[in-house]
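# Survey of secondary and tertiary structure
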Amino acid sequence: MMYFNGKGRLAMAFVFLFGTGGVLAAGTTAGTDVTNSVTLDYQVNSIDQTQLTTSVSFEVDRALSVVVSTADADVVNVAPGETNVLLSFDVTNTSNDDMDLLLGVVDQNATAVAGFTNAGPGVFDGTSVKLVLDVNANGVYDVVGDTDLVVAANHYSLPSGDTVPDTPVRIFLVADVPLTAVNADQATYSLVAAVANGVNVIQGDTNGHITLGGVATDVVDDITLVQDIFADNVLTSAEDGSYNFVTSTASAVQDIVSNGQHSDSAAFVVSSAALTIEKVVQVIWDPINGYHFAGDNDDTPSTNNPKAIPGSILMYVVGVQNGAGANAATDVQIMDDLSEDLVEGIGTTTEIPAAILKPDNVTFAGLGLIDVPNAADASQLTIRDCAGVVITAPFIVGDPEVSRNIGTCTAGQTGIIVYFVTVK
Amino acid sequence: MLNRIINSAKVAQIVCQGFLGVVLMAVAFQAAADVSLNTTVQKVESYLAEDGLRKTRLVPALEIIPGDELKYIVEYTNIGNTAVDKGSVVITDPIPADTIYLSGTAFGSGTEISFSADGGKAFSSERNLQVERNGEVVIARPADYTTIRWEFGPVLEPGQKGYVSFNVVLK
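Residues numbered from 1 in each chain as written. Chains lettered and ligands numbered in written order. Predicted model: local features only at pLDDT ≥ 70, side-chain atom pairs only at ≥ 80, totals over all residues. Heavy atoms only, no water.

A few words on the overall build of chain A. Of regular secondary structure, chain A possesses one helix and 31 strands. Considering chain A as a whole, with its 424 residues, one finds that 48% of them fall into the buried category. About 18900 Å² of surface is accessible on chain A, with carbon and sulfur atoms providing 54% of the total. (Helix = DSSP H or I, 4+ residues; strand = E, 2+ residues; numbered from the N terminus. Buried < 20%, exposed > 50% of the residue type's maximum accessible area, 1.4 Å probe, protein only. Areas by Shrake-Rupley, 256 points an atom, 1.4 Å probe, with all protein chains shown as cover.)

What follows deals with unusual backbone geometry. Residues and elements named next belong to chain A. The phi angle at Asn305 is positive, at roughly 50°, despite the residue not being glycine. Relative to the elements of secondary structure, Asn305 occurs in the loop between strand 22 (290–291) and strand 23 (313–322). In the Ramachandran plot, Asp331 falls in the positive-phi region, its phi being about 50° despite a non-glycine side chain. Structurally, the position occupied by Asp331 is in the loop between strand 23 and strand 24 (333–337).

We now examine the interface of chain B and chain A. Across the contact, 54 residues belong to chain B and 51 residues belong to chain A. On the chain B side of the interface with chain A, the three residues burying the most area are B:Leu37, B:Glu63 and B:Pro66, jointly 16% of the side's total. On the surface where chain B and chain A come into contact, there are eleven residue pairs in polar contact (both at pLDDT 80 or more). Of all the secondary-structure elements, those providing two or more residues to the side of chain B that touches chain A are helix 1 (2–32), strand 1 (35–48), strand 3 (69–78), strand 4 (89–94), strand 5 (99–101) and strand 11 (161–170) of chain B. Here the element with the most residues in the side of chain B that touches chain A is strand 1 of chain B; it accounts for seven residues. Across the side of chain B that touches chain A, the residue classes break down as 28 nonpolar, 14 polar and twelve charged. Looking at chain direction, strand 1 (residues 33–41) of chain A and strand 4 of chain B are connected through three bridges and run antiparallel. Each residue of the ladder has a partner; that of A:Leu40, found in strand 4 of chain B, is B:Ile91. (Contact = heavy atoms within 4.5 Å. Buried area = accessible area lost by both parts, 1.4 Å probe. Polar contact = N/O pair within 3.5 Å; in protein donor to acceptor, adjacent residues only side chain to side chain. Nonpolar A, V, L, I, M, F, W, Y, C, P; charged D, E, K, R; others polar. Pairing = 2+ DSSP bridges.)

Our next topic: the side chain of A:Thr94. Within the fold, A:Thr94 resides in the loop between strand 8 (85–93) and strand 9 (100–107). For A:Thr94, the side chain forms a polar contact with the side chain of A:Ser65, separated by 2.8 Å.

Under the defined criterion, the tally for this structure stands at eleven aromatic pairs over all chains. Judged by centre distance (4.9 Å) and plane angle (35°), the ring pair of B:Phe115 and B:Tyr145 falls under tilted. Separated by 30 residues along the polypeptide, B:Phe115 in strand 7 (residues 111–116) and B:Tyr145 in the loop between strand 9 (136–139) and strand 10 (147–152) bring together distant segments of the chain. Put simply, the rings of B:Tyr72, B:Trp150 and B:Phe166 pair up and form one aromatic cluster. Its end group placed over the ring of A:Tyr316, A:Lys279 keeps NZ or CZ at 4.6 Å from the ring centre. The ring of B:Phe123 has B:Arg149 sitting right over it, with the charged end atom 4.2 Å from the ring centre. (Phe/Tyr/Trp six-rings, centres within 6.5 Å; stacked < 30°, edge-to-face > 60°. Lys NZ or Arg CZ within 6 Å of the ring centre and 35° of its normal.)

In this structure, A:Val91, A:Leu103, A:Leu131, A:Ile171, A:Leu173, A:Leu191 and A:Phe268 are the most contacted members of the largest nonpolar core, which totals 38 residues. At the level of secondary structure, the elements contributing two or more residues to this core comprise strand 6 (66–70), strand 7 (76–78), strand 8, strand 9, strand 10 (127–133), strand 14 (169–176), strand 15 (186–197) and strand 20 (261–270) of chain A. A per-element tally of this core places strand 15 of chain A first, with five residues. Excluding residues that lie within four positions of it along the chain, A:Leu103 makes contacts with A:Val91, A:Leu131, A:Leu149, A:His155, A:Tyr156, A:Leu158, A:Ile171, A:Leu191, A:Val192, A:Ala193 and A:Phe245. A:Val44, A:Val60, B:Val89 and B:Tyr101 belong to the second largest nonpolar core, which has 37 residues in total. (Core = buried A, V, L, I, M, F, W, Y, C linked by side-chain atoms within 4.5 Å.)

Next up on the list: the sheet that holds strand 10 of chain A. Residues and elements named next belong to chain A. Strand order in the open sheet formed by five strands is 6-8-14-10-11, and the pairing between neighbours is antiparallel. Bordering the open sheet on either side are strand 6 and strand 11 (147–148), each of which pairs with just one other strand. As paired strands, strand 8 and strand 14 are joined by seven bridges and run antiparallel to one another. Its bridge partner being in strand 14, Phe89 is matched across the sheet by Ile171.

What follows deals with the state of the cysteines. Residue and element names in this part refer to chain A. Taken as a whole and judged by the stated rule, the model has one disulfide over all chains. Through a disulfide, Cys386 is tied to Cys409; the S-S separation comes to 1.8 Å. In this structure, the disulfide formed by Cys386 and Cys409 twists by about 70° around the S-S bond and is classed as right-handed. On the criterion of sequence distance, the pair formed by Cys386 in the loop between strand 28 (380–384) and strand 29 (390–394) and Cys409 in the loop between strand 30 (401–405) and strand 31 (414–423) is long-range, its members being 23 residues apart. Given a relative accessible area of 6%, Cys386 falls into the buried group. Classification of Cys409 as buried rests on a relative accessible area of 0%. (Disulfide = S-S within 2.5 Å.)

Caution is warranted with low-pLDDT regions, since their predicted coordinates should not be read in detail. On average, chain A scores 85 in pLDDT, and the residues at 70 or more come to 88%. Predicted confidence for residues 1–24 of chain A stays below pLDDT 50, and this span has 37 contacts to residues more than four positions away or in other chains. (pLDDT = per-residue confidence, 0-100.)

We now examine the sheet that holds strand 10 of chain B. Sheet strands pair via backbone hydrogen bonds, and the direction of the pair is either parallel or antiparallel. Read across the sheet, five strands follow the order 4(A)-1(A)-4(B)-10(B)-7(B) without closing on themselves; strand pairing throughout is antiparallel. Edge positions in the sheet fall to strand 4 (52–59) of chain A together with strand 7 of chain B, since each has one partner strand and no second. If you compare each strand with its neighbour and ignore which way they point, the axes differ by 15° on average. In the sheet, strand 7 of chain B pairs with strand 10 of chain B via six bridges, with the strands oriented antiparallel. If you follow B:Glu112 over to strand 10 of chain B, its bridge partner there is B:Glu151. (Axes fitted to C-alpha atoms, helices over the stretch in contact; angles between N-to-C directions.)

To continue, consider the pairing of strand 9 of chain A. All names here are of chain A. In terms of burial, strand 9 is a largely internal element, six of the eight residues being buried. The pairing of strand 9 with strand 15 spans eight bridges and is antiparallel. In the sheet register, Val106 faces strand 15, and the bridge partner there is Ser190. The pairing of strand 9 with strand 13 (residues 155–157) spans two bridges and is antiparallel. Bridge pairing in strand 13 places Leu103 opposite Tyr156.

On inspection of all chains with the given rule, the structure shows twelve salt bridges over all chains. When the shortest N-O distance is used, the salt bridge between B:Asp144 and B:Arg133 registers 2.4 Å. In this pair, B:Asp144 is assigned in the loop between strand 9 and strand 10 and B:Arg133 in strand 8 (residues 130–133), connecting sequence segments eleven residues apart. Between B:Arg149 and B:Glu151 there is a salt bridge, and its shortest N-O distance comes to 3.6 Å. Note on B:Arg149: relative accessible area 23%, which makes it partly exposed. If you follow the salt bridges from partner to partner, you end up with A:Arg62, A:Asp97 and A:Asp228 in one network. (Salt bridge = Lys/Arg side-chain N within 4 Å of Asp/Glu carboxyl O.)

The structure is reproduced here in structure tokens:
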């Protein structure tokens, strides 16, 4: 036979009633009359006596509780200048009654919030921050269709009727990212929800608990009345912010139990591409001194020391690299305006050398040693895109601008273009 | 026989006198009944004792919310001057709606306790009570219980009182 102490029994009942999710479900509706009617039958001298009955009743009180949880599994990556970026929260009335809810936003700035430790060098503040109700609950911010929540004082109110027990409401925190934000900057926001009567926060319960900024009222307990009890005593949320809905100001203090409010946090992190571009030039031949390199695809210089004199041939290499950890950059376009004193390709203004002897590598100041495609042809422009694919393309006759797309560059990838010009 | 006559008279008063009869009934009931019956409810509160252990205690059931554990106590007293027959006292208590019986909490000194899962038609011990679930007959869970019954074995002598109790949790 198994025995359970009182605590064990109740724990088992909780598992049965509410599962193991850790959130108290709404339960019996507030105001329900629970009556226990008992009967007693007995006999005297073997004769049945009139059955006795008695009963006792109580009214179920209002267990006030709300749960906020972010729907974002991780930080939300954003780019400088991006508009209408979203943090998603689910707000659930876990009370045993329909409830009005108030919402407040806390900008955590540089405060490290559990789960959203600020790993970046700085923070940014979103602009045009607002809360939006996902009206059709599709998890997508519909600019037309979803409802901007009304701001009263400095906090928000959910439309009446949207917070029936145990039915999550999706709330978006919508913001724009300033152009001044840089890679790895973070903006952490806490969404705080509090139980309310209409637009007024419920400041205290009959157990003497008060919400932030609230004033306790001396209410006599009454078994026959439906009374308010803050039931967020099983919620732990030390990582979250609080909001003083009485004065309508965000608070630096963290949420505590039994105060009729709850919060959770989510964060934007700037994750832009970090492109660097460099250009090197090398005189590889002039009509007087000859070649710079000892051979083709050979980094060994000759002793000729050709100069950039009219008729000389110069090799340009332009490299673009996306930094480690950066977002992919797509459609990377390299454009290079040529001087009017230069002509694309070779042989347009002077004699044509017997061969083009180019190096195997070039060294950039920042990008370091970069391989030059062996197939680079002085009569054409050569591209090695960020994926490493080499393409040769003809110059556009008469266009003094070199403009080529090197595709998508993911973190750490480098693309180059190589072309040759003749000095007029 | 005397009790039977008095109780019949009480019913007649109710029928004839309407609301006033209810008042008179209460007076007559106190004066004539052999057994009194009373039930109360208290909340089982968990608290941290001075010795650092978490214990429970009974407090007035003034604030009751879902998840609270409640204790119902039913008291009965032979207030007459005639003994109540041995084995004839039977207390039947439907488990209140919106609550779930907590297994192992039914108590009654000198009583045989049985349970029903069909609204009080059939009773069995907690160990043997069966229900049909998904086409199979299985041992009933506390959530299946609908009614508790206590059968007091001894004679209930004049002036003698007893009580039975059980705990539930509010859904």
